[in-house]
Amino acid sequence: METLPIAPIGRILSNSGASRATKDAKIELSKCLTELGNEIAKESVEIAKHSGRKTVKASDIELALKLKF
């Protein structure tokens, strides 16, 4: 499974208030976000299929996110 690139993860941490973060922390957050993203994507596909569509819309992703949290 591919993970998200480390540089944007570092920016996410910086924007969240971290003045510094180890490479291990960035890699771990990347893994977590990738896993969460995959779960939301799968749920979004199921929502689109349930609606009789092959195309996933932004509203499907929003709904999947609401159902997850």
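Residues numbered from 1 in each chain as written. Predicted model: local features only at pLDDT ≥ 70, side-chain atom pairs only at ≥ 80, totals over all residues. Heavy atoms only, no water.

A. The arrangement of the overall build of the protein chain in detail. Looking only at helices and strands, the protein chain features three helices and zero strands. Along the protein chain, helices (α) and strands (β) appear in the sequence α-α-α when read from the amino end. Over its C-alpha trace the protein chain gives a radius of gyration of 15 Å, far above what one expects of a compact globule, namely 11 Å for 69 residues. With the principal axes as the frame, the protein chain shows a C-alpha extent of 45 × 25 × 15 Å. Buried positions account for 16% of the 69 residues belonging to the protein chain. A separation threshold of at least 6 residues defines the contact pool for the protein chain, and within that pool the share at least 24 residues apart is 40%. Carbon and sulfur atoms make up 56% of the accessible area of the protein chain, which totals about 5400 Å². Side chains of the protein chain carry 12 positive and 9 negative charges; the gap between the two charge centres is 5 Å. (Helix = DSSP H or I, 4+ residues; strand = E, 2+ residues; numbered from the N terminus. Rg over C-alpha atoms; globule rule 2.2 N^0.38 Å. Buried < 20%, exposed > 50% of the residue type's maximum accessible area, 1.4 Å probe, protein only. Contact = heavy atoms within 4.5 Å. Areas by Shrake-Rupley, 256 points an atom, 1.4 Å probe, with all protein chains shown as cover. Lys, Arg positive; Asp, Glu negative; His and termini not counted. Charge placed at Lys NZ, Arg CZ, Asp CG, Glu CD.)

B. View of the packing of helix H1 (residues 6-15) against helix H2 (residues 23-50). Here H1 crosses H2 at 100°, and the two axes come no closer than 9 Å. Overall, the two elements H1 and H2 adopt an arrangement that is roughly perpendicular. Here H1 contributes Ile 6, Ile 9, Gly 10, Ile 12 and Leu 13 to the contact with H2, which in turn contributes Lys 26, Ile 27, Leu 29, Ser 30 and Leu 33. Partitioning the contact of H1 with H2 into residue classes produces seven nonpolar, two polar and one charged. (Axes fitted to C-alpha atoms, helices over the stretch in contact; angles between N-to-C directions. Parallel < 35°, antiparallel > 145°, perpendicular 65-115°, else oblique. Nonpolar A, V, L, I, M, F, W, Y, C, P; charged D, E, K, R; others polar.)

C. Spotlight on the side chain of Ser 44. With respect to the helices and strands, the residue Ser 44 is situated in helix H2. Sequence-distant contacts of Ser 44, defined by excluding residues within four places in its chain, comprise Val 56, Asp 60, Ile 61 and Ala 64.

D. Structural context of the side chain of Ser 30. With respect to the helices and strands, the residue Ser 30 is situated in helix H2. In this structure Ser 30 touches Thr 3, Leu 4, Ile 6 and Ile 9, once residues within four positions along its chain are discounted.

From the geometry alone we can't say anything about function, so treat these as descriptive.
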